[in-house]
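Notes for the structure review
Below are the chains, spelled out letter by letter.
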Amino acid sequence: MNVHFIVHESFEAPGAYETWVLERGYAASYSRVYANDALPGNADNFDLLVVLGGPQDPATTLEQCPHFDAAAECHLIGQAIQAGKAVVGVCLGSQLIGEALGAPFGHSPEKEIGKFPISLTAAGMANSKVAHFGDVLEVGHWHNDMPGLTADAKILAISEGCPRQIIEYSNLVYGFQCHMEFTREVVELLIAASQAELLTLTDRRFVQQPAALRVNDWEQMNQKLFIFLDKLVADYQATQ
């Protein structure tokens, strides 16, 4: 398995996704666009594309952020989907999947930062890749927006603050508005990059401050993510 990561910022690290790749002995490649790495020219050299989060949104222009080319990323995502590759988007990445499929992103009803529960929908409980999450699972969040929905998309999980937490676009294409890849190290990077913003959000009911963020345990969430990814890979390999 060859896994390619699109990394938008140094503080939006692959976290548990990278741990999973290393533990399974898979090959990893990276487009660290914040360091001006190029995107792959096509989808030929990877099996799984993981598009990570970032402070941008799909409407961010090159003038606003010269290292983020939303149109180019959507083109690559579209190529990967057309080629039958597995695709997972996280936060901004999930919104870019929707955009690549013609479904514009939207603004979430609430800003969510921290560890809060998501609940599986009936479609989620019927989905073999995420049913093991259980009715309710506490996961990581750090967002303002949410992915768009295509006509065929299924909402697999929701939260009190956001009605689109996990989206199945197809059997091999999933968007996670939530951050199941968080580790203590990744959260420290995000805190360091967001300290000034966090101080302005003390009145938000779904925003944890650094002291609370630092004591969260992400291990159970990470392990459930690994099972999802194993099942996704199995389904992908069955198509090859």
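To be clear, the structure that these remarks concern was listed above.
The structure contained in this document is the topic of the report that follows. (Residues numbered from 1 in each chain as written. Predicted model: local features only at pLDDT ≥ 70, side-chain atom pairs only at ≥ 80, totals over all residues. Heavy atoms only, no water.)

Remarks on the packing of helix α2 (residues 70–82) against helix α3 (residues 92–100)
Their axes nearest at 9 Å, the elements α2 and α3 cross at an angle of 70°. By the angle class used here, α2 and α3 are roughly perpendicular. Residues A70, E73, C74, I77 and G78 of α2 form the contact with α3, whose participating residues are L96, I97, E99 and A100. Taken together, the residues that form the contact of α2 with α3 break down as six nonpolar, one polar and two charged. (Axes fitted to C-alpha atoms, helices over the stretch in contact; angles between N-to-C directions. Helix = DSSP H or I, 4+ residues; strand = E, 2+ residues; numbered from the N terminus. Parallel < 35°, antiparallel > 145°, perpendicular 65-115°, else oblique. Contact = heavy atoms within 4.5 Å. Nonpolar A, V, L, I, M, F, W, Y, C, P; charged D, E, K, R; others polar.)

Brief notes about helix α7 (residues 219–238)
With 20 residues, α7 extends 29 Å between its outermost C-alpha atoms, agreeing within 8% with the 28 Å of an ideal straight helix rising 1.5 Å per residue. Turning to α7, its buried residues are M221, N222, K224, L225, F226, F228, L229, L232, V233 and Y236. Those residues of α7 that are buried are in contact with α1 (16–24), β3 (48–51), β4 (86–90), β6 (136–146) and β9 (173–176). (Expected span 1.5 Å × (residues − 1). Buried < 20%, exposed > 50% of the residue type's maximum accessible area, 1.4 Å probe, protein only.)

A few points about helix α5 (residues 184–199)
What sets the pattern is the α-helix's 3.6 residues per turn: residues three or four places apart point alike. Maximum bend of α5: about 60°, positioned at A193. Every buried residue belonging to α5 is among V186, V187, L190, I191, S194 and L198, and all of these are buried. Tucked into the core, α5 has its buried residues touching β5 (106–120), β6 and α6 (210–215). (Bend = angle between axes of the 7 residues up to and from the residue.)

Structural notes on the packing of α1 against α7
Two packed helices can be described by the angle between their axes and the distance between those axes. Where α1 contacts α7, the axes come no closer than 10 Å and their chain directions differ by 60°. On the basis of the axis angle, α1 is oblique to α7. Read as a crossing pair, α1 and α7 show a hand that is right-handed. On α7, the residues that touch A16, Y17, T19, W20, E23 and R24 of α1 are N222, L225, F226, L229, D230 and V233. (Left-handed = near helix turned anticlockwise from the far one by under 90°.)

What about the packing of aromatic side chains?
Summed over all chains, the structure comprises seven aromatic pairs. Taken together, a centroid distance of 5.4 Å and an interplanar angle of 20° make the contact between F5 and Y30 stacked. Here F5 is found in strand β1 (residues 2–7), whereas its partner Y30 is found in strand β2 (residues 27–32), with 25 residues between them in sequence. Take F5: its relative accessible area is 1%, and that puts it in the buried class. (Phe/Tyr/Trp six-rings, centres within 6.5 Å; stacked < 30°, edge-to-face > 60°.)

Quick notes on the pattern of salt bridges
The final tally for this structure, using the stated rule, is seven salt bridges. For E23, the salt bridge identified is with R24, shortest N-O distance 3.5 Å. Judged by relative accessible area, which is 51%, E23 ranks as exposed. By relative accessible area, R24 is classed as partly exposed at 31%. For E188, the salt bridge identified is with R214, shortest N-O distance 2.6 Å. Here E188 is found in helix α5, whereas its partner R214 is found in helix α6, with 26 residues between them in sequence. (Salt bridge = Lys/Arg side-chain N within 4 Å of Asp/Glu carboxyl O.)

Side note on the nonpolar core
The biggest cluster of nonpolar side chains holds 49 residues, and the ones touching the most others in it are Y17, F133, F176, M180 and F228. Here the element with the most residues in this core is α7; it accounts for eight residues. Those residues in contact with F176 that sit more than four places away from it in its chain are Y17, V88, G89, V90, C91, S94, F133, Q165, I166 and F228. Core analysis: the second largest hydrophobic core is formed by 21 residues, I6, V51, A70 and I167 among them. (Core = buried A, V, L, I, M, F, W, Y, C linked by side-chain atoms within 4.5 Å.)

Regarding unusual backbone geometry
Although it is not a glycine, N36 sits at a positive phi angle of roughly 70°. Position of N36 among the secondary structure elements: in the loop between β2 and β3. Given the relative accessible area of 64%, N36 is considered exposed.

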